[in-house]
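Chain residues, written in single-letter form:
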Amino acid sequence: MEWFAWDFNHPAYFAIYADKVQDAAVEGPALAALLDLKPGSRVLDLPCGWGRLHPHLRARGLEIIGGDLSPLNLARHQADHPAPLVRLDFRALPFHTGGADGVFCAYTSWGYFATEAENLLQLSEFARVLRPGGTLLLDLAGRTYLRSLVAQGEADWLEYPEGYQERAQWSPDGRRIFTERLCQGAAFRHDIWIPTDAEIRAFLDEAGFVVARAYGGLDGRPWAEAEDRWIYRAFKQ
Ligand SMILES: C[S@@+](CC[C@H](N)C(=O)[O-])C[C@H]1O[C@@H](n2cnc3c(N)ncnc32)[C@H](O)[C@@H]1O
């Protein structure tokens, strides 16, 4: 089983990411504003997770369909924020070509696949389901910020108050971060490609997007190498 099919679909995931519930009150309105689509626009929230950002997208009058691989996340989303939801894999989206006005991809939800071809396919699928001129908001962790963060305690096991232990390290080639976690008696392993700005732009270009703006934070400040968040607003060509 691929790591992301196991890791995000375990009840411990909700304990590990408990602080993201509170964060949604800040992230949701800010990211919805950066998506910047008019009321009535059809937006695919990919991946929607447990729907923590959903109310903030709806608050802007957007029509939201959520999609995610994890049945556990989708069940929580449906219980907490009822909505049209679809179980899917990024590599083969079950949506018509050209039907969406927007794709909303929040909280470092790209780079999960083992190969560049699959990571490109995720963006190509986003492009395929958007109408020409449609908008993608791609919200990623800044690579340079992550490099210094992980370097501080690389490979050390850290104890978190949410009740889990974690250690993170870069792959020997410096392209991916491996994060191991122990929680509720289970072991988890994230393995995420953390691309450079040039790589992100090259992949967006190859998938058929034009980057309109790149932001360095939720407040919409301009992109900068050292920022913790790199947020790209791109149009389908
Ligand atoms: C870091 S969470 C972000 C969720 C949401 N965007 C948020 O901000 O709360 C990543 C999500 O991606 C989903 N996911 C992982 N791999 C996937 C895949 N191959 N296809 C679709 N969803 C996937 C996981 O189930 C998880 O809900």
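So, how was this worked out
Residues numbered from 1 in each chain as written. Predicted model: local features only at pLDDT ≥ 70, side-chain atom pairs only at ≥ 80, totals over all residues. Helix = DSSP H or I, 4+ residues; strand = E, 2+ residues; numbered from the N terminus. Buried ≥ 20, exposed ≤ 12 C-beta atoms within 10 Å, placed from the backbone. Contact = placed C-beta atoms within 7 Å. Near = placed C-beta within 6 Å. Nonpolar A, V, L, I, M, F, W, Y, C, P; charged D, E, K, R; others polar. Core = buried A, V, L, I, M, F, W, Y, C linked by C-beta atoms within 7 Å. Pairing = 2+ DSSP bridges. Axes fitted to C-alpha atoms, helices over the stretch in contact; angles between N-to-C directions. Parallel < 35°, antiparallel > 145°, perpendicular 65-115°, else oblique. Left-handed = near helix turned anticlockwise from the far one by under 90°. Expected span 1.5 Å × (residues − 1). Domains from an automatic or database assignment.

Draft legend 1. Fine view of the environment of S41. Assignment of secondary structure puts S41 in the loop between helix 3 (19–35) and strand 1 (42–45). For S41, a count of 19 C-beta atoms within 10 Å translates into the label partly exposed. Along the primary structure S41 and G134 are separated by 93 residues, whereas in three dimensions their C-alpha atoms are 9.9 Å apart. If sequence neighbours within four positions are ignored, S41 has contacts with L62, E63, D101 and G102.

Draft legend 2. Local environment of the site of the ligand. Taken together, 17 residues lie around the ligand, and F8, P47, G49, S70 and Y107 are the ones closest in. Per-class residue counts for the shell around the ligand are 10 nonpolar, four polar and three charged.

Draft legend 3. Structural view of the nonpolar core. If you look at the biggest cluster of nonpolar residues, it comprises 39 residues, and the most contacted ones within it are V103, F104, C105, L136 and L137. Listing elements by their share of this core, those giving two or more residues are helix 3, strand 1, strand 4 (100–105), helix 6 (116–129), strand 5 (130–141), helix 8 (197–207), strand 10 (209–215) and strand 11 (229–236). In this view, L137 contacts L31, L34, L35, F104, C105, I231 and R233; residues no more than four positions away in its chain are not counted.

Draft legend 4. Spatial organisation of the sheet that holds strand 9 (residues 186–193). Spatially, 6-7-8-9 is the arrangement adopted by the four strands of the open sheet, whose pairing is antiparallel. The open sheet has two edge strands, strand 6 (158–160) and strand 9, and neither has a second partner. The mean inter-strand angle of the sheet, taken between neighbouring strand axes irrespective of direction, is 25 degrees. Pairing of strand 8 (residues 176–183) with strand 9, which is carried by eight bridges, proceeds in the antiparallel orientation. Paired with C183 across the two strands is A186, which belongs to strand 9.

Draft legend 5. View of the sheet that holds strand 2 (residues 63–68). Strand order across the open sheet formed by seven strands is 3-2-1-4-5-11-10, with mixed pairing between neighbours. Of all strands in the sheet, those with a lone pairing partner are strand 3 (85–87) and strand 10, marking the two edges. Looking at each pair of strands side by side, their axes are set apart by 20 degrees on average, direction ignored. Bridge analysis of strand 10 against strand 11 gives six bridges, and the strand direction is antiparallel. In the sheet register, A214 faces strand 11, and the bridge partner there is Y232.

Draft legend 6. Looking closely at the packing of helix 6 against helix 8. Across the interface, helix 6 lies against helix 8 with an axial gap of 8 Å and an inter-helix angle of 50 degrees. The orientation of helix 6 with respect to helix 8, classified from their angle, is oblique. The chirality of how helix 6 crosses helix 8 is right-handed. Contact with helix 6, carried on its side by N119, L120, L123, S124 and A127, involves F203, L204, E206 and A207 of helix 8 and no other residues of that element. Taken together, the residues that form the contact of helix 6 with helix 8 break down as six nonpolar, two polar and one charged.

Draft legend 7. Expanded view of helix 3. The terminal C-alpha atoms of helix 3, which comprises 17 residues, lie 23 Å apart, in line with the 24 Å expected from a rise of 1.5 Å per residue. Buried residues belonging to helix 3 abut helix 4 (54–58), strand 4, strand 5, strand 10 and strand 11. Positive backbone phi, at 55 degrees, marks D36, one or two positions downstream of helix 3.

Draft legend 8. Here's a closer look at the domain arrangement of the protein. Under the domain assignment, the protein is made up of domain 1 (3–141 + 196–236) and domain 2 (146–188). On a C-alpha basis, the centres of domain 1 and domain 2 stand 23 Å from each other. Ranked by residues supplied to the side of domain 1 that touches domain 2, first place goes to helix 2 (residues 12–16) with three residues. Tallied by class, the residues present in the side of domain 1 that touches domain 2 amount to five nonpolar, one polar and two charged.

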